[in-house]
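Commentary on secondary and tertiary structure
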Amino acid sequence: MNLCIVGTGYVGLVSAACFAEMGNDVCCVDINPTIVENLRQGKIHIYEPGLDELVKRNVAEGRLRFTTKVSEGMENALFVFITVGTPPREDGSCDLSFVYQVARDIGAGMTDYKIVVDKSTVPVGTADEVRKLIGEELKKRGEAIEFDVVSNPEFLKEGDAINDFFKPDRVVVGTDNVRTGELLKALYAPYARNREKVIVMGVRSAEMTKYAANCMLATKISFINEVANICERVGADVREVRMGIGSDSRIGYQFIYPGMGYGGSCFPKDVKALIDTSRQYKFEPELLAAVDEVNKRQKHTLAKKIDAYFEPQGGVKGKTLALWGLAFKANTDDVREASSFELIKDLTAKGMKIVAFDPVAGPNTREAFKGNDLLTVVDEQYAALEKADCLAVVTEWNQFRNPDFGRIKKMLKAPLIFDGRNLYSPQLLADLGMVYFCIGRPAPKV
């Protein structure tokens with residue numbers, strides 16, 4: 001099939017490469033000419049494991065191409081996917097300006113029947129507005145071209161997006177047109193060979209499904225973090241509690257890892273957007289508001305522990321923190337809503353120096369904090385430890401899971417670790433003579 005995908009972010013570029021890999025002809029559109037030229041040469045601007053190879057192969061084999069013009073991209077395409085960003089506004093509502101501009105561009109340039117697919121995460125009712133805008137542009141041209149607008153939300157995890165695309169749990173399609181639904185089923189058939197994975201429903205239900213799914217996962221994270229905070233106060237071990245509740249099949253173990261809260265481009269934005277949508281309809285979403293508030297609070301947990309530890313020593317001012325992990329989670333360079341950023345802001349505001357390392361998110365962090373002289377980002381893991389007063393671990397990269405504790409102890413001024421992801425055994429570190437703080441677990445018996 002011939003596809004046009006407008007937007008080359010995580011969703012757009014992953015979708016384009018994965019569709020091309022299955023033999024489809026895909027033209028990807030981005031308004032940034034530098035990005036387009038780099039992609040034509042096989043140079044990608046985001047970090048996603050396996051994506052670089054996938055893009056290069058399909059560009060070389062002629063199934064994947066790039067342009068800056070929507071009209072050129074959709075010239076021979078049956079499907080036109082909208083995968084542009086929908087960033088949050090300051091009030092938590094969703095900024096749909098990019099989606100709406102693409103809709104206008106489609107209406108201004110289409111010459112034959114198109115299936116317009118909303119794959120960007122958008123509030124309920126957006127497909128109706130996209131349909132309206134395309135219709136307005138066609139009317140300006142005096143054209144009466146048939147088209148459909150479909151909701152097809154993405155469920156990709158950053159760091160494992162390609163695997164998620166090739167082996168999806170489900171493919172949600174929102175349409176009231178039976179023929180269009182069958183065409184989407186045909187497009188996704190190669191990714192659902194062992195069972196039927198395409199779920200066809202109403203457009204607004206599909207739009208709502210994306211938000212409901214992310215808000216459910218965010219709720220589980222905030223719940224276990226709330227439990228962890230209670231555990232610290234009552235002397236329970238949240239790791240043991242997690243094992244106890246996760247064994248219940250109705251709950252499960254996924255997304256009940258305590259830590260420093262959720263971040264990234266999806267959960268924070270989508271929780272806030274659904275809260276905003278609910279309030280537009282005069283309904284106060286008390287549970288989701290609490291989920292959001294718990295997450296905001298949790299991001300400051302480790303900074304408070306560090307601040308409290310050094311308070312008897314004159315506070316954190318003038319001290320140096322070695323920080324491992326900057327991305328909001330492992331296997332991505334995405335630092336949007338990252339817990340590490342709140343830690344950096346909290347501690348440098350009090351005069352603490354921070355020397356940080358992350359396998360891939362260093363450049364993005366340097367750019368974000370280029371005016372903060374108290375933060376230094378280094379390119380080698382153990383270089384961050386030199387002359388530091390303590391170590392904090394914030395992202396669960398595999399290379400942080402089993403480090404050289406002897407080397408850590410030797411390099412730090414004091415054998416002190418603050419673990420925001422509960423990667424290490426409190427008892428092991430106590431046996432090694434290290435002072436260790438984590439989330440929701442009591443100090444070991446010495």
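See the structure shown above.
Let us look at the packing of helix α9 (residues 203-234) against helix α11 (residues 267-280). Where α9 meets α11, the closest approach of the two axes is 9 Å, and the angle between their N-to-C directions is 115°. It follows that α9 is roughly perpendicular to α11 by the angle criterion. In the crossing of α9 with α11, the sense of the turn from one axis to the other is left-handed. Counting all contacts with α9, which are made through Met208, Lys210, Tyr211, Asn214, Cys215, Leu217, Ala218 and Ile221, the residues of α11 involved are Phe267, Asp270, Val271, Ala273 and Leu274. Looking at the contact of α9 with α11 residue by residue, the classes come out as ten nonpolar, one polar and two charged.

Okay, the layout of surface pockets next. One number sums up the size of the second largest pocket: a volume of about 970 Å³. Taken together, 40 residues make up the lining of the second largest pocket; nearest its centre are Gly9, Thr83, Val84, Gly85 and Thr86. For the lining of the second largest pocket, the elements supplying multiple residues, two or more each, are α1 (10-21), α5 (97-109) and α11. Of the residues that constitute the lining of the second largest pocket, the class distribution is 17 nonpolar, 13 polar and ten charged.

Any two side chains of opposite charge can pair, so long as their charged atoms come close to each other. Going through the model one piece at a time under the given rule, you end up with 30 salt bridges. Across the pair Asp112 and Lys114 runs a salt bridge whose closest N-O atoms are separated by 2.9 Å. Take Asp112: its relative accessible area is 36%, and that puts it in the partly exposed class. A salt bridge links Asp128 to Arg204; its shortest N-O distance comes to 2.9 Å. With Asp128 in helix α6 (residues 126-141) and Arg204 in helix α9, this residue pair connects regions lying 76 residues apart in the sequence. Owing to a relative accessible area of 41%, Arg204 belongs among the partly exposed residues under this scheme.

Cut-offs and rules
Sequence order as written defines residue numbering, which begins from 1 separately in each chain. With pLDDT at 70 or above as the cut-off, local features in this predicted model cover only qualifying residues; side-chain atom pairs require 80 or more to be listed or tallied, and sums for whole chains, interfaces and linings still use all residues. As a convention, hydrogens and water are excluded, and side-chain values are obtained from all of the structure's heavy atoms. Axis definition: a line fit to C-alpha positions, over the contact stretch in the case of helices; interaxial angles, taken between N-to-C directions, run 0 to 180 degrees. Per the convention used, a helix needs a DSSP run of H or I reaching at least four residues, while a strand needs a run of E reaching at least two, with both numbered from the N terminus. Reported orientations rely on four angle classes, namely roughly parallel under 35 degrees, roughly antiparallel over 145, roughly perpendicular from 65 to 115, and oblique for the rest. Helix crossings are classified by the rotation of the near helix relative to the far one: an anticlockwise turn of less than a right angle makes the crossing left-handed, while a clockwise turn makes it right-handed. Any two residues whose heavy atoms approach within 4.5 Å at even a single point are treated as in contact. Polar here means any residue outside two lists: the nonpolar Ala, Val, Leu, Ile, Met, Phe, Trp, Tyr, Cys and Pro, and the charged Asp, Glu, Lys and Arg; Gly therefore counts as polar. In the cavity and pocket records, a cavity denotes points on a 1 Å grid over the protein atoms alone where a 1.4 Å probe fits but cannot get out, a pocket denotes an open set with protein on both sides within 12 Å along at least 5 of 7 lines, and lining residues are residues with an atom within 4 Å of a point. Grid points are joined across faces, edges and corners, and a volume is the space filled by probe spheres set on the points. Put simply, a salt bridge is a Lys or Arg side-chain nitrogen that is within 4 Å of an Asp or Glu carboxyl oxygen. Remark: exposure states derive from per-residue accessible area (1.4 Å probe, protein chains only) relative to the maximum for the residue type, with buried under 20%, exposed over 50%, and partly exposed in between.

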